[in-house]
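Structural description and commentary
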Amino acid sequence: MHLIKFGGSVITHKGRELTLRRKVLQRLCRELRAAKGEMVLVHGAGSFGHTKAKRYGLKKGIKKGYSPIRAAQVQWDVRDLDQEVLKAGLDVGLPFTSIPPYPILRMHNRKVKVFDPKPFEIALKEGLVPVTFGDVVLDGKQRVAICSGDDLMVHLAKYFRPERAIFVTVEDGVYDRPPSEKGAQFIEVLSPKKKVRSGSSGVADVTGDIGKKVDSMREMSRFGVETLVINGLESGRLRRVLQGKETLCTRMPAEGK
Ligand code: IPE
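Residues numbered from 1 in each chain as written. Predicted model: local features only at pLDDT ≥ 70, side-chain atom pairs only at ≥ 80, totals over all residues. Heavy atoms only, no water.

**Notes on helix 6 (residues 149–160)**
Our working definition: Only DSSP runs of H or I with at least four residues qualify as helices, and only runs of E with at least two residues qualify as strands; both kinds are numbered from the N terminus onward. By this rule the span expected of a helix is its residue count minus one, scaled by 1.5 Å. Note on exposure labels: buried denotes an accessible area under 20% of the residue type's maximum, exposed denotes more than 50%, and partly exposed covers the range between, all computed with a 1.4 Å probe on protein chains only.
For helix 6, with 12 residues, the first-to-last C-alpha span of 16 Å sits near the 16 Å given by 1.5 Å per residue. The complete set of buried residues in helix 6 reads Gly149, Asp150, Asp151, Leu152, Met153, Val154, His155, Leu156, Ala157 and Phe160. Arg161, located one to two residues past helix 6, shows a positive phi value of around 45 degrees.

**Some thoughts on the environment of Pro192**
In this fold, Pro192 is placed in the loop between strand 11 (186–187) and helix 7 (210–222). A relative accessible area of 18% places Pro192 in the buried class. Between the C-alpha atoms of Pro192 and Ala145, which are 47 residues apart in sequence, the distance is 28 Å.

**Considering the nonpolar core**
The cut-off we apply is this: Throughout this description, the term nonpolar core refers to a set of buried Ala, Val, Leu, Ile, Met, Phe, Trp, Tyr and Cys residues connected via side-chain atoms within 4.5 Å. Contacts: residue pairs with any heavy atoms within 4.5 Å of one another.
Leu3, Leu105, Phe115, Phe120, Leu156, Leu190 and Met220 are the most contacted members of the largest nonpolar core, which totals 34 residues. The dominant element in this core, judged by the number of residues it contributes, is helix 6, at 6 residues. Setting aside its immediate chain neighbours within four residues, Leu3 contacts Val40, Val42, Met153, Leu156, Ala157, Pro162, Arg164, Ala165, Ile166 and Met220. In this structure, Ile4, Leu32, Ala35 and Val92 belong to the second largest nonpolar core, which totals 32 residues.

**Focus on the pattern of salt bridges**
This is how the line gets drawn: Whenever Lys or Arg places a side-chain nitrogen within 4 Å of a carboxyl oxygen from Asp or Glu, that contact is recorded as a salt bridge.
Following the criterion strictly, the structure yields 16 salt bridges and no others. For Arg55, the salt bridge goes to Glu17, with nearest N and O atoms at 2.7 Å. Taken together, the residues span a long stretch of sequence, with Arg55 in helix 3 (residues 50–55) and Glu17 in the loop between helix 1 (8–11) and helix 2 (22–32) at a distance of 38 residues. A network of salt bridges, in which partner residues are shared, links Glu17, Lys52, Arg55 and Asp77.

**Re the site of the ligand**
Stated formally: We call a residue near a given molecule or strand whenever any one of its heavy atoms falls within 4 Å of it. Throughout this description, a polar contact denotes any pair of N or O atoms lying within 3.5 Å of each other; where both atoms belong to protein, one of them has to be capable of donating a hydrogen while the other can accept it, and for residues adjacent in sequence the pair is counted only when both atoms sit in side chains. Each residue gets one of three labels, nonpolar for Ala, Val, Leu, Ile, Met, Phe, Trp, Tyr, Cys and Pro, charged for Asp, Glu, Lys and Arg, and polar for the others, Gly among them.
If you check the shell around the ligand, you find 16 residues, and the closest are Lys5, Gly8, Gly46, Gly149 and Thr207. Here Lys5 contributes a side-chain N or O atom positioned 2.9 Å from an oxygen atom of the ligand. Of the residues assigned to the shell around the ligand, the class counts are 3 nonpolar, 10 polar and 3 charged.

**Details of the sheet that holds strand 6 (residues 129–133)**
Either a parallel or an antiparallel arrangement is found when strands of a sheet pair, and the pairing is made through backbone hydrogen bonds. Heads up, the rule is: Strands are treated as partners if at least two bridges between them are detected by DSSP. Working convention: axes come from line fits to C-alpha atoms, limited for helices to the stretch in contact. Angles between N-to-C directions cover 0 to 180 degrees.
Taken together, 7 strands build an open sheet; the order of strands is 3-6-2-1-9-12-13 and the sheet is mixed. Bordering the open sheet on either side are strand 3 (96–98) and strand 13 (250–252), each of which pairs with just one other strand. Strand-to-strand twist in this sheet, taken as the mean axis angle between neighbours without regard to direction, amounts to 20 degrees. When strand 9 (residues 164–169) meets strand 12 (residues 226–231), the two strands line up parallel, connected through 6 bridges. Its bridge partner being in strand 12, Arg164 is matched across the sheet by Glu226. Of the strands in this sheet, strand 1 (2–6), strand 2 (39–43), strand 6 and strand 9 touch helix 6, which is tilted by about 175 degrees from strand 1. Sitting on the sheet, helix 7 is in contact with strand 1, strand 9, strand 12 and strand 13, with an inclination near 170 degrees to strand 9.

**Some points on the packing of helix 5 (residues 118–125) against helix 6**
A packed helix pair is summarised by two numbers, namely the angle formed by the two axes and the spacing between the axes. As a reminder, the rule being used: By definition, turning the near helix anticlockwise from the far helix through less than a right angle yields a left-handed crossing, and turning it clockwise yields a right-handed one.
Two numbers describe how helix 5 lies on helix 6: the axes approach to 11 Å, and their chain directions differ by 65 degrees. Of the two possible hands of crossing, helix 5 and helix 6 adopt the one that is right-handed. In contact with Lys118, Phe120, Glu121 and Leu124 of helix 5, helix 6 contributes Leu156, Tyr159 and Phe160. Residues of the contact of helix 5 with helix 6, tallied by class, amount to 5 nonpolar, no polar and 2 charged.

The quantities given are spatial measurements derived from coordinates; they are silent on function.
Written out as structure tokens, the structure reads:
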């Protein structure tokens with residue numbers, strides 16, 4: 001199985017609210033067709049989620065002055081983006097079907113506590129390609145929280161144990177410090193033990209930076225899933241990876257392999 005996440009920064013303009021990178025999304029969907037066998041796609045929210053989620057303080061759940069309409073608004077925006085992703089897939093013949101996390105996942109204090117993978121299993125059996133996404137979900141401690149696409153990658157990987165999981169981002173891979181900093185070193189093979197220093201990108205991001213992503217990769221490595229970080233703005237890289245060909249990327253091997 002191929003488990004893939006389209007980062008929100010790749011498929012949207014993260015600094016411009018509710019703005020899709022349509023051409024990039026369409027190309028990435030075309031490249032996905034190179035995948036043989038089963039596939040699950042996760043996508044981030046980009047500027048369809050982070051900007052309002054930050055403005056409304058949804059990360060911390062219910063704060064003074066909170067109105068449920070705000071959570072509902074962010075969900076609506078993110079579903080709008082999901083519709084765009086589904087359409088881009090359908091247009092190139094990929095049988096995408098949407099499985100929003102809200103009804104199948106619960107958090108507690110921003111940690112995933114309940115995750116029901118059954119709807120994915122059923123869809124895969126029918127030959128469909130399940131698509132899920134970072135979203136506003138219910139949280140037992142703070143009523144609502146943000147579940148990131150990276151959280152979903154971890155839980156999907158834990159259940160389905162794909163051979164590898166691919167994060168499609170706007171960087172060639174992972175660097176030892178923010179790539180904008182002088183002397184940043186590109187890491188081809190990232191050991192699960194390696195520390196990576198992250199920095200702020202300056203745009204609204206309520207689910208964390210590269211440090212958080214590396215934590216997710218580490219978790220996946222622990223239960224035997226290799227992870228790759230690739231640049232989705234460079235045409236052909238996703239296709240090459242799916243075809244098992246060499247391409248510029250960062251790879252974190254599965255622990256013990
Ligand atoms: C964020 O999901 C979800 C919301 C802000 C509602 P992600 O954390 O997976 O999104 P990206 O990939 O950073 O845009």
